[in-house]
Amino acid sequence: MSWNSYITTLLNQEDGLVIRDAAIVSHKSNLEAVWASSPGLEGITTAEIKALVNPDRSKLLTTGTSVAGINCRVLRDNRGDTLETMDMRTKKSNPDSITYSICVVKSAQALVVVQAKKDVHGGKVNKIAFDMADYLRKKDF
């Protein structure tokens, strides 16, 4: 299976006008790794993956987290569903001083991480990430 084709699919949603970067990572304990990503999210670390799936959400909600070294604040953390979702916004400390929406959706084995292009509402990227994670879940990923 080529995970890169999934990244291509995510990046080409709505004629490529919505998603800036995408990644699919394993969140299984001691197997955390980036399976595939576009260049902007290729630096997702094991520590970042562990923070995103940690059952103790208090730190995420109060101080935020980072994704591929990009500082983010959590806007919505929807835990307990079959497909858990988290909506975040990058902090203005990124190099271009623009904020971007990031959505992370958890399936059984993977996290689908998508970052919106400038001025794209988080709801759009949330649906795209959710649909991909739902597809992976149905394929036992």
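Above: the structure in question.
K.L.:
Describe the pairing of strand E2 (residues 33-37), listing the residues and the values that go with them.
P.N.:
The side chains of a regular strand alternate between the sheet's two faces. Alignment of strand E1 (residues 19-26) against E2, held across four bridges, turns out to be antiparallel. Pairing of isoleucine 24 across the sheet is with alanine 36, part of E2. Turn length for the E1-E2 hairpin, with the two strands adjacent in sequence and antiparallel, is six residues, and the turn residue asparagine 30 shows positive phi of about 65°.

K.L.:
Can you lay out the sheet that holds E1 for me, pointing to particular residues and giving the numbers?
P.N.:
Here we have seven strands laid out as an open sheet, ordered E2-E1-E7-E6-E5-E4-E3, and antiparallel in their pairing. Every other strand in the sheet has two partners, leaving E2 and strand E3 (65-67) as the edge strands with one partner each. Averaged over all neighbouring strand pairs, the angle between strand axes comes to 30°, with direction disregarded. Across six bridges, strand E5 (residues 84-90) lies against strand E6 (residues 101-106) in antiparallel orientation. The partner of threonine 85 across the bridge, within E6, is valine 105. The strands touched by helix H1 (residues 3-11) within the sheet are E1, E2 and strand E7 (110-116), with E1 carrying the most contacts at an inclination of about 150°.

K.L.:
Which residues make up the pattern of salt bridges, and what values do they have?
P.N.:
Evaluation of the coordinates by the stated rule reveals nine salt bridges. A salt bridge links lysine 118 to aspartate 119, with the shortest nitrogen-to-oxygen separation between them at 3.6 Å. By relative accessible area, lysine 118 is classed as partly exposed at 49%. Linking lysine 127 and aspartate 131 is a salt bridge whose minimum nitrogen-to-oxygen distance equals 2.7 Å. With lysine 127 and aspartate 131 both in helix H4 (residues 122-138) and four residues apart, the pair spans about one turn of that helix.

K.L.:
Mind laying out the environment of arginine 20, listing which residues take part and the relevant values?
P.N.:
Topologically, arginine 20 is positioned in strand E1. Distance in space between the C-alpha atoms of arginine 20 and serine 101 is 9.8 Å, their sequence separation being 81 residues. Among the polar contacts listed, one links the side chain of arginine 20 to the side chain of tyrosine 100, at a separation of 2.9 Å.

K.L.:
Any details on empty space enclosed by the protein? Residues and values, ideally.
P.N.:
With the rule as written, the count across this model stands at one cavity of 30 Å³ or more. Its boundaries defined by the atoms lining it, the largest cavity holds a volume of some 90 Å³. If you trace the largest cavity, you find it lined by Leu52, Val53, Arg57, Asp77, Arg79, Glu84, Thr85, Met86, Val104, Lys106 and Leu111. Elements with a minimum of two residues in the lining of the largest cavity: helix H2 (46-53), E5 and E6. Per-element tally for the lining of the largest cavity: the top contributor is E5, with three residues. Across the lining of the largest cavity, the residue classes break down as five nonpolar, one polar and five charged.

K.L.:
Tell me about the nonpolar core, residues and numbers included.
P.N.:
If you look at the biggest cluster of nonpolar residues, it comprises 23 residues, and the most contacted ones within it are Leu10, Ile19, Ile24, Val112, Val114, Val125 and Leu136. Of all the secondary-structure elements, those providing two or more residues to this core are H1, E1, E6, E7 and H4. Top element by residues in this core is H4. It accounts for six residues. Sequence-distant contacts of leucine 10, that is, excluding residues within four places in its chain, are made with Ile19, Ala22, Val112, Val114, Ile128 and Met132.

So, how was this worked out
Residues numbered from 1 in each chain as written. Predicted model: local features only at pLDDT ≥ 70, side-chain atom pairs only at ≥ 80, totals over all residues. Heavy atoms only, no water. Pairing = 2+ DSSP bridges. Helix = DSSP H or I, 4+ residues; strand = E, 2+ residues; numbered from the N terminus. Axes fitted to C-alpha atoms, helices over the stretch in contact; angles between N-to-C directions. Contact = heavy atoms within 4.5 Å. Salt bridge = Lys/Arg side-chain N within 4 Å of Asp/Glu carboxyl O. Buried < 20%, exposed > 50% of the residue type's maximum accessible area, 1.4 Å probe, protein only. Polar contact = N/O pair within 3.5 Å; in protein donor to acceptor, adjacent residues only side chain to side chain. 1 Å grid on protein atoms, 1.4 Å probe; cavity = no way out; pocket = protein on both sides within 12 Å on 5 of 7 lines; lining within 4 Å. Points joined across faces, edges and corners; volume = space filled by probe spheres on them. Nonpolar A, V, L, I, M, F, W, Y, C, P; charged D, E, K, R; others polar. Core = buried A, V, L, I, M, F, W, Y, C linked by side-chain atoms within 4.5 Å.

The quantities given are spatial measurements derived from coordinates; they are silent on function.
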